Structures are given as structure tokens and as C-alpha cells.
Amino acid sequence: MDLNMIEIFPTLIHQFPNFIDEIERKSIFDGIFDSEELHDDKHPMLIGKSFCSFKNHEKLNFLSSDIISRIEKHSNHYADKIGIPKVKISSYWSVIETPGCFMKEHNHPNSSISGVIYVNIDENSHPLVFKNPNPFIGTGYYTHQNKYNTSTHEVYPQNGDLILFPGWLEHGSDYIMNETDTRVSVSFNLIRDYSDES
């Protein structure tokens, strides 16, 4: 008997290894700490001693125009894959975490696509953990875990990686604590770009 397996409602994530090279990575790292005064320790999604420049994102300039252009290029390829209109960066910000920090589960309202670039992480850094958007996934009994019943998916990026995901998708560190001395990442949001629309 023939069998047609239909996988419905998948959620696509794009990961680009080595999106930035070592020179760019070090330049971003230095730029973040050159603007240390723009960081505060009051981001509601970060637990533990951490610093975030989200509130001052309009003043930041540590991403070059070339990197922003490359983010938008990759993001628009991703947008085409998931069937949404052209996008452009609306904001970006840096996150600095010390040992004992973790990131609470959250999403990015009003963002078509969100993403992160990893500037300084290692094997002691917490992963990026995505939550299954199906609210009923945890109500069943399963004999084993696989992609059809898992409630979370962990991504362990490397320095220089870029990860893109839908802004509505909840993510965090699933209470896994960071143990890297200075874990540094750059997050960003992209919104619909109306400039080419008539």
C-alpha cells in the first residue's frame, strides 16, 4: 500500500555559519565596548548580570553598512522562502552576558523577521532555544522524542554565525545558564520594506 507522508506547519530557521569573518567579529566586539555607556542592566528578558543596548538602539553604529546590507540580503532570501514581502532592518542592539545569566522566553512583536549574530561565544555559552509554537505539544505521552513531538529545539551556534527566524517565534535559553565570561551577541529586527512597492 502506498503511503504519502505530509509534514504540515513547519517553521523554517536559517543559520549561516561564518556570516562575519574574524576581522569583522573583532571590530564589532570593540565597537560594542566603545559604546558601553549606551548599555543598561534593565532588559526584562535577561536574568542575571547582563547589559543590553536596546533602549539606545537608534544611537548605535557598530555594524557597518556592508554588514547591514548582507543581513538584509540574506533576510530577503529567507523572506521569499517563507512567503512574506521584502524586509529591511528596523533596529539592532547588543547583548552582553556574564556567568549565571539566562534569557527568558520571549518573541519580537511587530517584527517580520528577527535574528542574531554571535560575536563572542564558546562551549560554555547557553544555546539559543526555540519553543514549539504548538500549544498542545506537551499534553501527550510519547515513547520517544523526535521532530514531531519535541517542545523545544536547541541551536548551538559558533562565533560569526547568523541565525534568522520569524519574529513571532518564542525563544530564549530555556533556563540554561551562560558560563562564558563575556557572552556577546547582536540581535536585530526586520520589518516590511515598502520602498519598492507602488
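None of the values given here were measured: they were computed from a predicted structure. (Residues numbered from 1 in each chain as written. Predicted model: local features only at pLDDT ≥ 70, side-chain atom pairs only at ≥ 80, totals over all residues. Heavy atoms only, no water.)

Q: Could you clarify how one ought to interpret the overall build of the protein in this entry?
A: Of regular secondary structure, the protein possesses two helices and 11 strands. In the protein, the succession of helices and strands from N to C terminus is β-α-β-β-α-β-β-β-β-β-β-β-β. A compact globule built from 198 residues would reach a C-alpha radius of gyration of about 16 Å, and the protein, at 18 Å, matches this within 12%. Among the 198 residues that make up the protein, the fraction classed as buried is 43%. Roughly 11,700 Å² of accessible area belongs to the protein as shown, and the carbon and sulfur atoms make up 52% of that amount. For the protein, the separation between the mean place of its 16 positive charges and that of its 28 negative charges on side chains is 4 Å. (Helix = DSSP H or I, 4+ residues; strand = E, 2+ residues; numbered from the N terminus. Rg over C-alpha atoms; globule rule 2.2 N^0.38 Å. Buried < 20%, exposed > 50% of the residue type's maximum accessible area, 1.4 Å probe, protein only. Areas by Shrake-Rupley, 256 points an atom, 1.4 Å probe, with all protein chains shown as cover. Lys, Arg positive; Asp, Glu negative; His and termini not counted. Charge placed at Lys NZ, Arg CZ, Asp CG, Glu CD.)

Q: Hey, could you run me through the sheet that holds strand S8 (residues 152-155) in this one?
A: The strands making up a sheet are joined through hydrogen bonds of the backbone, oriented either antiparallel or parallel. Taken in spatial order, the three strands make up an open sheet running S8-S7-S10, and their pairing is antiparallel. Unpaired on one side and paired on the other, S8 and strand S10 (171-172) mark the two borders of the sheet. Both strand S7 (residues 128-131) and S10 contribute to a ladder of two bridges, which runs antiparallel. Following the sheet pairing, Phe 130 is matched in S10 by His 171. (Pairing = 2+ DSSP bridges.)

Q: What's the story with the side chain of Asn 189 in this structure? I'm lost.
A: Mapped onto the elements of the fold, Asn 189 is located in strand S11 (residues 183-192). Relative accessible area serves as the criterion here: at 10%, Asn 189 is assigned to the buried category. At a separation of 2.6 Å, a polar atom in the side chain of Asn 189 contacts the side chain of His 108. Here Asn 189 is in contact with Lys 88, Ile 89, Ser 90, Ser 91, Trp 93, His 108, Ser 111, Ile 113 and Ser 114, once residues within four sequence places are set aside. (Polar contact = N/O pair within 3.5 Å; in protein donor to acceptor, adjacent residues only side chain to side chain. Contact = heavy atoms within 4.5 Å.)

Q: I tried to follow a nonpolar patch on the surface on my own but got confused; where do I start?
A: There is a patch of nonpolar side chains on the surface, built from Leu 3, Met 5 and Tyr 148 and spanning about 400 Å² of accessible area. Within the fold, Tyr 148 resides in the loop between S7 and S8. What makes Tyr 148 partly exposed here is its relative accessible area of 48%. (Patch = residues over 30% accessible without salt bridge, like charges linked within 9 Å, V, L, I, M, F, W, Y side chains within 5 Å. Salt bridge = Lys/Arg side-chain N within 4 Å of Asp/Glu carboxyl O.)

Q: What is the right way to look at the pairing of strand S6 (residues 113-120) in this model?
A: The two faces of the sheet receive side chains in turn, since in a regular strand these alternate between them. Across the eight residues that make up S6, a large majority, seven, are buried. Sheet analysis places S6 next to S11, joined by seven bridges and oriented antiparallel. Note on S11: the bridge partner recorded for Asn 120 is Val 184.

Q: Hey, could you run me through the pattern of salt bridges in this one?
A: Pairing between side chains of opposite charge can happen when their charged atoms approach one another. For the structure on display, the rule yields nine salt bridges. For the salt bridge of Arg 25 with Glu 22, the shortest nitrogen-to-oxygen distance reads 2.5 Å. With Arg 25 and Glu 22 both in helix H1 (residues 22-34), this residue pair falls three residues apart, about one helical turn.

Q: I keep staring at the packing of aromatic side chains and nothing clicks. Help me out?
A: How two aromatic rings sit relative to each other is set out by the distance from centre to centre and by the angle between their planes. Overall, the coordinates contain five aromatic pairs when judged by the stated rule. Relative to Tyr 175, the ring of Phe 102 lies with its centre 5.2 Å away and its plane at 50 degrees, an arrangement referred to as tilted. Here Tyr 175 lies in the loop between S10 and S11 and Phe 102 lies in strand S5 (residues 102-103), a separation of 73 residues in the sequence. Since its relative accessible area comes to 64%, Tyr 175 is described here as exposed. Over the face of the ring belonging to Phe 19 we find Arg 70, whose NZ or CZ atom lies 4.9 Å from the ring centre. (Phe/Tyr/Trp six-rings, centres within 6.5 Å; stacked < 30°, edge-to-face > 60°. Lys NZ or Arg CZ within 6 Å of the ring centre and 35° of its normal.)

Q: Can you walk me through helix H2 (residues 65-82) in this structure?
A: The terminal C-alpha atoms of H2 lie 25 Å apart, and with 18 residues this matches the ideal 26 Å at 1.5 Å per residue to within 8%. Taken as a whole, H2 has its buried residues at Ile 67, Ile 71, Ser 75, Asn 76, Tyr 78 and Ala 79. Buried residues belonging to H2 abut strand S1 (14-16), H1, strand S4 (87-97), S6, strand S9 (162-166) and S11. Just beyond H2, the residue with positive phi is Gly 83, at close to 80 degrees. (Expected span 1.5 Å × (residues − 1).)

Q: What's the story with the environment of Pro 10 in this structure? I'm lost.
A: Inspection of the secondary structure assignment puts Pro 10 in the segment before S1. For the pair Pro 10 and Lys 131, spaced 121 residues apart in the sequence, the C-alpha separation amounts to 13 Å.

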